[in-house]
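If you want the building blocks of each chain, they are given just below.
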Amino acid sequence: MLITTSRRPGRLSKVFCRNLSRVVPGSFYLPRGLKTIEEVATAARGLQQSKVIFVESFLGGPRVLRFLEVNNGWRWANVIFEIRDVNVRRDSGKKSKLKTLKIRADGKTTLEFAEWFGKILGVEISEKSLDFGGVVVVTSEGGLRVQFKIMPGSVPIGPSFLVVAFGDLAAGVANGEG
């Protein structure tokens with residue numbers, strides 16, 4: 001998965017993208033700059049990635065996650081996440097990348113979102129608590145809270161955020177496939 005920003009991201013959005021790329025196995029961060037959607041899709045193909053997360057900014061911080069599917073062409077996926085209350089890790093220590101990741105929901109209210117997010121990330125859902133490795137924990141603390149942790153010890157890694165809205169878009173915008 002390729003992770004990139006909108007054209008004029010704030011500093012927090014850039015840090016969020018870098019953090020996310022470290023906790024999603026096999027992902028890469030690419031600063032967007034002046035690249036067009038087609039140029040980002042070409043970069044994703046060059047890295048052998050079939051999905052791109054675009055982190056759109058509002059007032060300098062990450063606000064919306066949009067998804068691009070990349071094959072021979074590209075098309076916007078019919079899904080969008082609106083996020084708030086973003087926290088990023090600014091560790092001064094070792095910046096290692098996770099090799100494996102699972103997702104866990106704390107109940108029925110969070111399971112639907114966890115299944116969506118897991119499908120997008122290419123991560124399987126674990127129905128039981130994990131003893132070791134990376135885990136995305138989806139809780140219902142004040143909404144849908146997403147936290148990346150490393151086990152044992154439930155140590156926070158990567159970003160955390162609150163999902164205030166998610167769902168299918170009315171109609172996907174297709175382009176580049178034809």
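All residue numbers here refer to positions counted from 1 along the written sequence of the relevant chain. With pLDDT at 70 or above as the cut-off, local features in this predicted model cover only qualifying residues; side-chain atom pairs require 80 or more to be listed or tallied, and sums for whole chains, interfaces and linings still use all residues. To get the side-chain values, all heavy atoms of the structure are used, and hydrogens and water are removed first.

A. Representation of unusual backbone geometry in the model. Note that the residue after Met151, namely Pro152, is joined by a cis bond; omega there is 0°. Working definition: helices are DSSP H or I runs of at least four residues, strands are E runs of at least two. Numbering for both runs from the N terminus. With respect to the helices and strands, Pro152 occurs in the loop between strand 8 (144-151) and strand 9 (155-168). One non-glycine residue, Gln48, lies in positive phi territory at about 60°. Secondary-structure assignment places Gln48 in the loop between helix 2 (37-46) and strand 3 (51-58). Residue Leu59 is not a glycine yet carries a positive backbone phi of 50°. With respect to the secondary-structure elements, Leu59 resides in the loop between strand 3 and strand 4 (61-70). Per-residue accessibility, obtained with a 1.4 Å probe over protein chains only, is compared with the maximum for each type, and a residue is labelled buried under 20%, exposed over 50%, and partly exposed between these values. Overall, the relative accessible area of 79% leaves Leu59 in the exposed class.

B. Representation of the nonpolar core within the structure. With 35 residues, the main nonpolar core has Phe16, Ile53, Phe81, Phe117, Val146, Phe148 and Phe161 as its most contacted residues. Should any heavy atoms of two residues lie within 4.5 Å, those residues are counted as being in contact. Not counting residues within four places of it along the chain, the set of residues in contact with Ile53 comprises Met1, Leu2, Ile3, Thr4, Leu20, Leu65, Arg66, Phe67 and Leu121. In this description, a nonpolar core means a group of buried Ala, Val, Leu, Ile, Met, Phe, Trp, Tyr and Cys residues linked to one another through side-chain atoms lying within 4.5 Å. Within the second largest apolar cluster, twelve residues are counted, among which are Leu2, Val40, Phe54 and Val70.

C. Just the pairing of strand 3, in detail. Only strands joined by at least two bridges in the DSSP assignment are considered to pair. By the bridge criterion, four bridges tie strand 1 (residues 2-5) to strand 3 in an arrangement that is parallel. Looking at the pairing, Thr4 lines up with Phe54 of strand 3. Looking at chain direction, strand 3 and strand 4 are connected through eight bridges and run antiparallel. Across the sheet, the residue bridging to Val52 is Leu68, located in strand 4. Linking strand 3 to strand 4, which pair antiparallel, is a turn of two residues; within it Leu59 sits at a positive phi near 50°.

D. Molecular detail of helix 3 (residues 108-121). An ideal rise of 1.5 Å per residue puts 20 Å on 14 residues; helix 3 measures up with 20 Å between its terminal C-alpha atoms. Inspection of helix 3 places Thr110, Phe113, Ala114, Phe117, Gly118, Ile120 and Leu121 among the buried residues, and these make up the whole buried set. One less than the residue count of a helix, multiplied by 1.5 Å, gives the span that helix is expected to have.

E. Highlighting the packing of aromatic side chains. Whether two aromatic rings pair depends on their centres lying within 6.5 Å, for rings of Phe, Tyr and Trp, where Trp uses its six-membered ring; planes under 30 degrees apart make the pair stacked, over 60 edge-to-face, and the rest tilted. Counted by the stated rule, this structure contains eleven aromatic pairs. Look at Trp74 and Trp76: their rings are 6.3 Å apart centre to centre, the planes differ by 85°, and that puts the pair in the edge-to-face class. Since its relative accessible area comes to 6%, Trp74 is described here as buried. Relative to Phe117, the ring of Phe113 has its centre 5.4 Å away and its plane inclined at 20°; by these criteria the two rings are stacked. Here Phe113 and its partner Phe117 are both found in helix 3, four residues apart, which amounts to about one turn of the helix. Considered together, Phe113 and Phe117 belong to a single accessibility category, that of buried residues. Feature note: the residues Phe16, Phe67, Phe81, Phe113, Trp116, Phe117, Phe161 and Phe166 constitute an aromatic cluster, connected by ring pairs. Counting as a charge over the ring demands two things of the Lys NZ or Arg CZ atom: a distance within 6 Å of the ring centre and an angle within 35 degrees of the ring normal. If you follow Arg66 out to its NZ or CZ, it ends over the ring of Trp76, 4.2 Å from the centre.

Interpretation in functional terms is not warranted from these geometric data alone.
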